[in-house]
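Coordinate analysis (summary)
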Amino acid sequence: MGRVLIIGAGGVGTVVAHKVAQNPDVFTDIMIASRTKSKCDNVVKAIGNPNIKTAQVDADNVDELVTLFNDFKPEIVINVALPYQDLTIMEACLKAGVNYLDTANYEPKDVAHFEYSWQWAYKKRFEDAGLTAILGCGFDPGVSGIYTAYAAKHHFDEIQYLDIVDCNAGNHHKAFATNFNPEINIREITQNGRYYENGQWVTTKPLEIHKSLTYPNIGPKDSYLLYHEELESLVKNYPTIKRARFWMTFGQEYLTHLRVIQNIGMARIDEVEYNGVKIVPLQFLKAVLPNPQDLGENYDGETSIGCRIRGIKDGKERTYYVYNNCSHHAAYLETGMQGVSYTTGVPAMIGAMMFLKGLWKKPGVYNVEEFDPDPFMEQLNKQGLPWHEVFDGDLEL
Ligand code: NDP
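Calculation notes
Residues numbered from 1 in each chain as written. Predicted model: local features only at pLDDT ≥ 70, side-chain atom pairs only at ≥ 80, totals over all residues. Heavy atoms only, no water. Helix = DSSP H or I, 4+ residues; strand = E, 2+ residues; numbered from the N terminus. Areas by Shrake-Rupley, 256 points an atom, 1.4 Å probe, with all protein chains shown as cover. Lys, Arg positive; Asp, Glu negative; His and termini not counted. Charge placed at Lys NZ, Arg CZ, Asp CG, Glu CD. Near = heavy atom within 4 Å. Polar contact = N/O pair within 3.5 Å; in protein donor to acceptor, adjacent residues only side chain to side chain. Buried < 20%, exposed > 50% of the residue type's maximum accessible area, 1.4 Å probe, protein only. Pairing = 2+ DSSP bridges. Axes fitted to C-alpha atoms, helices over the stretch in contact; angles between N-to-C directions. Parallel < 35°, antiparallel > 145°, perpendicular 65-115°, else oblique. Left-handed = near helix turned anticlockwise from the far one by under 90°. Contact = heavy atoms within 4.5 Å. Nonpolar A, V, L, I, M, F, W, Y, C, P; charged D, E, K, R; others polar. Phe/Tyr/Trp six-rings, centres within 6.5 Å; stacked < 30°, edge-to-face > 60°. Disulfide = S-S within 2.5 Å. Salt bridge = Lys/Arg side-chain N within 4 Å of Asp/Glu carboxyl O.

**Regarding the overall build of the protein chain**
Secondary structure summary: the protein chain contains 14 helices and 18 strands in total. Overall, the C-alpha framework of the protein chain stretches about 55 × 55 × 40 Å when taken along its three principal axes. Summed over its atoms, the accessible surface of the protein chain is roughly 16,100 Å², and 48% of this surface lies on carbon and sulfur atoms. Separation between the mean location of the 37 positive side-chain charges and that of the 50 negative ones in the protein chain comes to 1 Å.

Structure below.
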């Protein structure tokens with residue numbers, strides 16, 4: 001049915017490749033391309049399907065991308081490289097007539113700044129070209145927006161309070177490691193917190209607000225308010241929302257390491273000179289930290305990510321909690337990667353499947369909640385991320 005090109009062969013790219021290969025009725029021709037071709041070849045070896053093609057590409061270079069796209073002629077590109085490459089890949093998609101999907105919003109390399117404006121600015125060009133761009137189709141952003149759309153469609157007349165809660169109760173048995181690209185992860189967590197209330201954005205100091213939240217099958221965990229990119233599109237697409245927040249759990253050991261990393265300057269993203277060479281401390285740190293792709297083998301425990309929603313249905317207040325729990329070990333046995341890569345890669349594959357089946361096809365640039373959530377929710381149950389619902393429980397928030 002469809003030709004797909006996956007860009008990026010990291011933790012998430014590896015999961016996307018496994019899941020795409022598991023659905024040959026939808027994905028008939030597959031290529032995985034990345035900066036380092038040997039990593040793509042290793043993914044293909046692990047999957048054991050020699051029909052998957054591989055290629056080397058520098059996704060910062062629009063011309064190189066266009067040559068690759070014209071050569072392989074994919075219908076859709078799944079961008080699971082880094083957020084820095086979003087705009088070059090979108091630009092190349094427009095030049096070569098290819099549809100687009102990603103899991104993280106564009107970030108400039110020199111400032112850790114998260115907003116959709118750069119990618120939303122492409123809307124008219126994608127519309128005119130008759131191409132679809134699906135933004136933020138991982139778990140959060142991604143499933144968090146689809147859960148919200150599903151709640152709005154089936155369970156609420158008006159969503160008023162939205163809390164996205166992201167718990168990783170796994171243990172990789174390392175003193176300190178990040179679950180996805182360390183550079184991207186540390187940039188995100190060390191930023192000011194931000195949430196939306198009564199039409200305004202409220203800024204907090206990094207990790208200033210926290211409280212204990214209870215996660216299904218896990219128990220209470222200290223959860224910290226962060227800014228997360230899907231809040232920007234969700235409050236725009238659901239204007240009845242009075243307050244929207246995002247919470248993520250961190251252990252004390254993780255936070256202590258993070259504080260030390262910041263205090264000694266290793267989280268800096270500006271260049272410093274070392275022995276006549278310019279280096280970015282955070283990029284150097286990434287080179288010495290454990291590779292998130294190698295955490296899977298000894299990772300136990302599970303993740304639990306969901307949406308806790310309060311609003312009005314038929315004139316009455318109601319609460320709704322929809323979530324998925326994902327076992328790191330089960331993810332590892334299936335794909336060789338841990339649960340954080342798994343929970344990101346599976347939705348990216350489903351988003352591309354929705355496009356190729358013609359269910360999520362509309363020219364322009366859209367966030368996931370702007371599409372019909374039902375067929376996506378159905379696939380989550382079939383593709384390894386089953387969801388559960390609690391009606392009128394205590395949301396704790
Ligand atoms: P990794 O660092 O493991 O993988 C990134 C891959 O992209 C690597 O294979 C890397 O190549 C490749 N790459 C980097 N730069 C280029 C370039 N210029 N040209 C071509 N390839 C390049 O990251 P993850 O797999 O952990 O994360 C992938 C994406 O998923 C990120 O954008 C991240 O923000 C997003 N994400 C989204 C989540 C969600 O829920 N929405 C959650 C977690 C992650 P090389 O191997 O040579 O370095």
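**Quick notes on the site of the ligand**
Contacts to the ligand come from 29 residues, most closely from Arg-35, Thr-36, Lys-39, Ala-59 and Asn-181. Within the side chain of Arg-35, a nitrogen or oxygen atom sits 2.7 Å from an oxygen atom of the ligand. With respect to the ligand, the side chain of Gln-293 contributes an N or O atom lying 3.5 Å from an oxygen atom. With the chains in place, 93% of the 930 Å² that the ligand exposes on its own is no longer accessible.

**Let's talk about the pairing of strand S12 (residues 243-249)**
Of all 7 residues in S12, 7 are buried; the element is thus mostly enclosed. Here 6 bridges tie strand S7 (residues 158-168) to S12, and the two strands are oriented parallel to one another. For Asp-163, the partnering residue across the bridge sits in S12 and is Arg-245. Taken together, the 2 bridges between strand S8 (residues 193-197) and S12 define a ladder with antiparallel strand orientation. Note on S12: the bridge partner recorded for Tyr-196 is Ala-244.

**A closer look at the sheet that holds strand S3 (residues 53-56)**
Read across the sheet, 7 strands follow the order S3-S2-S1-S4-S5-S6-S17 without closing on themselves; strand pairing throughout is parallel. Where the open sheet ends on each side, the last strands, each with one partner, are S3 and strand S17 (364-367). On average, each strand axis in the sheet is tilted by 20 degrees relative to the strand beside it, whichever way the strands run. In this structure, strand S5 (residues 99-102) lies alongside strand S6 (residues 132-135), joined through 2 bridges in parallel fashion. Note that in S6 the partner of Leu-101 across the bridge is Ile-134.

**What to know about the packing of helix H3 (residues 62-72) against helix H4 (residues 86-96)**
Interaxial distance between H3 and H4 falls to 9 Å at its minimum, and their mutual angle equals 45 degrees. In terms of axis orientation, H3 runs oblique to H4. Classified by chirality, the crossing of H4 by H3 is right-handed. On H4, the residues that touch Val-62, Leu-65, Val-66, Phe-69 and Asn-70 of H3 are Thr-88, Ile-89, Glu-91, Ala-92, Cys-93, Lys-95 and Ala-96. The class makeup of the residues in the contact of H3 with H4 is 8 nonpolar, 2 polar and 2 charged.

**Notes on the packing of aromatic side chains**
In total, this model carries 16 aromatic pairs according to the counting rule given. Ring centres of Tyr-116 and Trp-120 lie 5.3 Å apart, and the angle between their planes is 20 degrees; this geometry places the pair in the stacked category. For the pair Tyr-196 and Trp-201, a centre-to-centre distance of 5.2 Å together with 65 degrees between the ring planes defines the contact as edge-to-face. Residue classification places Tyr-196 among the buried residues on the basis of a relative accessible area of 12%. The partly exposed category is assigned to Trp-201, whose relative accessible area is 31%. Linked through ring pairs, Phe-176, Tyr-224, Phe-250 and Tyr-254 together constitute an aromatic cluster.

**Points about the environment of Gln-252**
Along the chain, the position of Gln-252 falls in helix H10 (residues 252-263). Spatially, the C-alpha atom of Gln-252 lies 9.1 Å from that of Asp-222, the residues being 30 residues apart in sequence. Setting aside anything within four residues of it in sequence, one finds Gln-252 in contact with Asp-222 and Tyr-224.

**A closer look at the state of the cysteines**
Taken as a whole, this structure holds 0 disulfides when the rule is applied. The thiol sulfur of Cys-93 is not disulfide-bonded, and the nearest other cysteine sulfur, from Cys-137, lies at 15 Å. Here Cys-307 stays unpaired: no disulfide links it, and the sulfur of Cys-137, its closest cysteine neighbor, is 14 Å away.

**Examining the pattern of salt bridges**
If you walk through the whole model with that rule in mind, you get 17 salt bridges. Residues Arg-187 and Glu-107 are paired through a salt bridge, measuring 2.9 Å at the closest nitrogen-oxygen approach. In this pair, Arg-187 sits in helix H8 (residues 182-189) while Glu-107 sits in the loop between S5 and helix H5 (117-120), placing the two residues 80 residues apart along the sequence. No difference in accessibility class separates Arg-187 from Glu-107, as the two residues are buried. Between Lys-153 and Asp-372 there is a salt bridge, with its nearest N and O atoms 2.9 Å apart. Taken together, the residues Lys-153 in helix H7 (residues 143-154) and Asp-372 in the loop between S17 and helix H14 (373-382) connect sequence positions 219 residues apart. Overall, the relative accessible area of 44% leaves Lys-153 in the partly exposed class. For Asp-372, a relative accessible area of 35% puts it in the partly exposed group. In this structure, a network of salt bridges that share partners links the residues Lys-153, Asp-372 and Asp-374.

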